[in-house]
Amino acid sequence: MPCHGRVETLSGKQQGLVEGTIVDRFTSFRVSMPDITLESGLLYSSDRQRYLPSAVTHEGWLAQRLSDTRFSVINAPQDKMITFSCPARAI
């Protein structure tokens, strides 16, 4: 699904917007952006009521499922966080 992404520094300074495509597999997801494609790998949370399901990609990004329609990828060395908001899904 096509999604809108907000690019920020880790401290929250807005750096722009990016369009991405999310392929949601429920236990993992893939985000394709103009310059990179990231595979989350198996998302894990020891307690889904308290902690976000997350994984580290092969490229070193932290991938998180924030909700059924929101995802984030974080690269600490680059001081970059991208939060994607996707349209609601019809079931």
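Residues numbered from 1 in each chain as written. Predicted model: local features only at pLDDT ≥ 70, side-chain atom pairs only at ≥ 80, totals over all residues. Heavy atoms only, no water.

Caption draft 1: View of the sheet that holds strand 3 (residues 29-32). Spatially, 8 strands are ordered 4-3-2-1-8-7-6-5 in an open sheet, and the strand pairing comes out antiparallel. Every other strand in the sheet has two partners, leaving strand 4 (37-39) and strand 5 (54-56) as the edge strands with one partner each. Across the sheet, the axes of successive neighbouring strands diverge by a mean angle of 25°, strand direction being ignored. Of the strand pairs in this sheet, strand 2 (residues 14-24) and strand 3 are connected by 4 bridges, and their pairing is antiparallel. Residue pairing across strands places Val23 opposite Arg30, the latter belonging to strand 3. (Pairing = 2+ DSSP bridges. Helix = DSSP H or I, 4+ residues; strand = E, 2+ residues; numbered from the N terminus. Axes fitted to C-alpha atoms, helices over the stretch in contact; angles between N-to-C directions.)

Caption draft 2: Broad picture of unusual backbone geometry. Residues other than glycine seldom take positive phi values, yet Phe26 does so here, at roughly 70°. On the secondary structure map, Phe26 appears in the loop between strand 2 and strand 3. The exposed category is assigned to Phe26, whose relative accessible area is 57%. The phi dihedral of Asp79 falls on the positive side, at around 55°, and the residue is not glycine. Relative to the assigned elements, Asp79 resides in the loop between strand 7 (70-75) and strand 8 (80-85). Judged by relative accessible area, which is 33%, Asp79 ranks as partly exposed. (Buried < 20%, exposed > 50% of the residue type's maximum accessible area, 1.4 Å probe, protein only.)

Caption draft 3: Spotlight on the pairing of strand 7. Among the 6 residues of strand 7, 5 are classified as buried, and the element is accordingly described as predominantly covered. Strand direction decides the pairing type here: strand 6 (residues 62-65) and strand 7, joined by 4 bridges, are antiparallel. Directly across from Arg65, in strand 7, lies its bridge partner Phe71. In sequence, strand 6 turns back onto strand 7 through a hairpin of 4 residues. In the sheet, strand 7 pairs with strand 8 via 6 bridges, with the strands oriented antiparallel. Bridging from a neighbouring strand, Val73 pairs with Ile82 of strand 8. The hairpin formed by strand 7 and strand 8 contains 4 residues between the paired strands, and Asp79 there has a positive phi angle of roughly 55°.

Just geometry here; none of it tells us what the structure is for.
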